[in-house]
Amino acid sequence: MADRALIVPDTSLALSEHALAIGQEFPNVETCRRTLKDIAIALHFDLRIVKSDRSRFIAKCSKAGCPWRVHVAKCPGVPTFSIRTLHGEHTCEGVHNLHHQQASVGWVARSVEARIRDNPQFKPKEILQDIRDRHGVAVSYMQAWRGKERSMAALHGTFEEGFRLLPAYCEQIRKNNPGSIASVFATGQDNCFQRLFISYRASIYGFINACRPLLELDRAHLKGKYLGTLLCAAAVDANDALFPLAIAIVDVENDENWMWFMSELRKLLGVNTDNMPRLTILSERHKGIVEAVETHFPSAFHGFCLRYVSENFRDTFKNTKLVNIFWNAVYALTAAEFESKIAEMVEISQDVIPWFQDFSPQLWAVAYFEGMRFGHFTLGVTELLYNWALECHELPIVQMMEHIRLQLTSWFNNRREIGMSWTSILVPSAEKRVLEAIADAPCYQVLRANEVEFEIVSTERTNIVDISSRVCSCRRWQLNGLPCAHAAAALISCGQNAHVFAEPYFTVARYRETYSEMINPILDKSQWRELGEGTEGGVARVDISIRPPKTRRPPGRPKKKVLRVENFKRPKRVVQCGRCHLLGHSQKKCTMPN
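On a predicted model such as this, the values are computed, not experimentally measured, just so you know.

Enquirer: Report on the pattern of salt bridges, specifying residues and quantitative values.
Expert: Applying the stated criterion across every chain, the model contains 20 salt bridges. Put simply, arginine 195 and glutamate 256 hold a salt bridge, and the shortest N to O gap is 3.2 Å. In this pair, arginine 195 is assigned in strand β7 (residues 192-199) and glutamate 256 in helix α9 (residues 255-269), connecting sequence segments 61 residues apart. Owing to a relative accessible area of 9%, arginine 195 belongs among the buried residues under this scheme. For lysine 341, the salt bridge identified is with glutamate 344, shortest N-O distance 3.5 Å. One end of the pair is lysine 341 and the other is glutamate 344, both in helix α14 (residues 335-348) and three residues apart, which spans about a single turn. Looking at lysine 341, the relative accessible area reads 23%, which means it is partly exposed. We classify glutamate 344 as partly exposed; its relative accessible area is 34%.

Enquirer: Outline the sheet that holds strand β4 (residues 69-74), listing residues and values.
Expert: Taken together, five strands build an open sheet; the order of strands is β1-β5-β4-β3-β2 and the sheet is antiparallel. Of all strands in the sheet, those bounded by a partner on one side alone are β1 (25-26) and β2 (47-52). Of the strand pairs in this sheet, β1 and strand β5 (residues 81-87) are connected by two bridges, and their pairing is antiparallel. Along β5, the bridge assignment pairs glutamate 25 with serine 82. Lying on the sheet, helix α2 (residues 29-42) is in contact with β1, β2, β3 (56-61), β4 and β5; it crosses β2 at an angle near 165°.

Enquirer: Can you explain helix α3 (residues 105-118)? Please cite residues and give values.
Expert: In a regular helix each residue adds 1.5 Å, so 14 residues correspond to 20 Å; α3 covers 20 Å between its end C-alpha atoms and thus fits that length. The largest bend along α3 measures about 50° and falls at valine 112. Inspection of α3 places Val105, Gly106, Trp107, Val108, Ala109, Ser111, Val112 and Ile116 among the buried residues, and these make up the whole buried set.

Enquirer: Before we move on, could you go through the side chain of glutamine 194 and cite the residues and values that matter?
Expert: When you line up the elements, glutamine 194 lands in strand β7. Setting aside its immediate chain neighbours within four residues, glutamine 194 contacts Phe185, Ala186, Thr187, Ile249, Val250, Asp251 and Glu256.

Enquirer: Please give an account of empty space enclosed by the protein that cites residues and values.
Expert: Tallied over the full model, the rule gives three cavities of 30 Å³ or more. What the largest cavity holds in volume is close to 150 Å³. If you go around the largest cavity, you meet 18 residues; those closest to its centre are Phe163, Leu222, Tyr226, Leu227 and Met400. Mapped by element, the contributors of at least two residues to the lining of the largest cavity are α6 (159-164), β10 (242-250) and α17 (397-421). Residue composition of the lining of the largest cavity, by class: 13 nonpolar, three polar and two charged.

Enquirer: Tell me about the nonpolar core, and please be specific about residues and values.
Expert: Ranked by internal contacts, the top residues of the largest apolar core, which has 118 residues, are Leu196, Phe261 and Leu265. Examining the composition of this core, we find that eight residues originate from one element, β10, more than from any other. Ignoring sequence-local partners within four residues, the contact set of phenylalanine 261 consists of Phe197, Leu217, Leu231, Cys232, Ala233, Ala246, Ile247 and Ala248. One finds Val352, Trp355, Val366 and Ala367 within the second-largest nonpolar core, a separate group that totals 27 residues.

Enquirer: Any details on the packing of aromatic side chains? Residues and values, ideally.
Expert: In the structure shown here, the tally under the stated rule is 32 aromatic pairs. When the centroid spacing of 5.3 Å and the interplanar angle of 90° are considered together, the rings of tyrosine 331 and phenylalanine 377 count as edge-to-face. A residue pair is termed long-range when its members are at least 10 positions apart, and tyrosine 331 in the loop between α13 (320-330) and α14 and phenylalanine 377 in the loop between α15 (352-358) and α16 (380-392) qualify at 46 residues. On the accessibility criterion, tyrosine 331 (33% relative accessible area) is partly exposed. Relative accessible area serves as the criterion here: at 16%, phenylalanine 377 is assigned to the buried category. Of note, arginine 285 hangs over the ring of phenylalanine 304, and the distance from its end group to the ring centre comes to 5.5 Å.

Parameters at a glance
- Residues numbered from 1 in each chain as written.
- Predicted model: local features only at pLDDT ≥ 70, side-chain atom pairs only at ≥ 80, totals over all residues.
- Heavy atoms only, no water.
- Salt bridge = Lys/Arg side-chain N within 4 Å of Asp/Glu carboxyl O.
- Helix = DSSP H or I, 4+ residues; strand = E, 2+ residues; numbered from the N terminus.
- Buried < 20%, exposed > 50% of the residue type's maximum accessible area, 1.4 Å probe, protein only.
- Pairing = 2+ DSSP bridges.
- Contact = heavy atoms within 4.5 Å.
- Axes fitted to C-alpha atoms, helices over the stretch in contact; angles between N-to-C directions.
- Expected span 1.5 Å × (residues − 1).
- Bend = angle between axes of the 7 residues up to and from the residue.
- 1 Å grid on protein atoms, 1.4 Å probe; cavity = no way out; pocket = protein on both sides within 12 Å on 5 of 7 lines; lining within 4 Å.
- Points joined across faces, edges and corners; volume = space filled by probe spheres on them.
- Nonpolar A, V, L, I, M, F, W, Y, C, P; charged D, E, K, R; others polar.
- Core = buried A, V, L, I, M, F, W, Y, C linked by side-chain atoms within 4.5 Å.
- Phe/Tyr/Trp six-rings, centres within 6.5 Å; stacked < 30°, edge-to-face > 60°.
- Lys NZ or Arg CZ within 6 Å of the ring centre and 35° of its normal.

Okay, here's the thing in structure tokens:
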């Protein structure tokens, strides 16, 4: 029975904090009711309401024979209520267990509102413990869950209100950020939500004028009341940080919605794509994404996310040695190196042959993929989307997009300030890699063939460097956009600055240009235009009221997909003995005689 013991606060302190007095006023009867509930819970006695109407409120202690009683009446001519009669002494023993009749869902919502405002991820089980610690009261899990739902609605509005406000929200984005794209689409006679697309002018300008022609595509499924899917197209800035370009929410992930998303992306880039280098797009290459890219970006190089390919290979063969050889094949720089690794895998298992037919190396292998990935092989946008989905799944759709906008605004402001503080030619990540190449350059012998061509000799192999076309026969320079060690050796030998021969995408000037535009704030929703009814070809005008989609979250606690950190890393290499060629030990520990 120890766990049922009452947690009783200091009585004298509780009495002083919750003292009532004749003549004390309340703004309205609801405030009076709430105040008396709080007092009953704090002092651990049960309250019974005798009378409650527009003009009076009478309550007493529920224990028989206890004289505690209060009579509150409305003041004439004003909306306030004041205490007329008060018997403030208790003769009963109060509540002896942790359960309290006054601890309703509404009281729970008010009790945790401040905590939820600071931390929307405050969980029901944490609410249970918080209320027990602070108030000495036990509530059920469902009371805590419903209390949080009610508190979230009071703070952020309901999910239904979020959909209704979408047209006005999109108008605010376009109005306060001219040149931005913000549109919401409804379907059916009920104007049910179907699609939302948002891209800020600051992002559009930064991508077109300063980012590498590389886009990542991915999605995350939302677990809020009305489900849905979050789509995103993101680039990478000069310092290798993720740069979201366009964000969409759709009612369901399907081929039609991917086709729509890519069409909106094509409109966003418009004629500017004709002046840009050919895009490289990375994704998991699901059927719907492949068809959408082929339709709207037919000239783009569309490659696999390497994490998706490697996980499929690992799960298919479940052979550590094969997986390690596979990774060596992935990073092989030439076709000859790649084919030799394939031959090693075929010796272990003939089943790899049909697998390579399903996952063509032209779509992911360094030796064959024709697009410019600049050293990016996996989707950084995946982790970002799952973080957004986890942080925002309990927020209405407008609040969710505001959370994302505020994060983008913070990124732009912080990175703009960081960029202004740099004094080098290249951004730090590129500067580090070039300095490493320069440090390795003395290892090579440089033979100059002519003004622009050099022969770089080492004990392993000889490479040819052409500094005018920025090409090295090792292919690292053209693949990554930064001079390799061979190129650095050639450039140093003829008195050139290797930093100048990096692609312009990696310069501090481009980085500053990326974040030169501002994402402007949005007015509070209380100042938006009121909504009416109306439709126009499925596209939501400002005067249309959007209703929630037909999809609803099924009952029960939703499952959470956890992205483990190890999934983003290359698997650990298994040691292979150079003498007996068995796995698991090195030549030093080999027991086989020489």
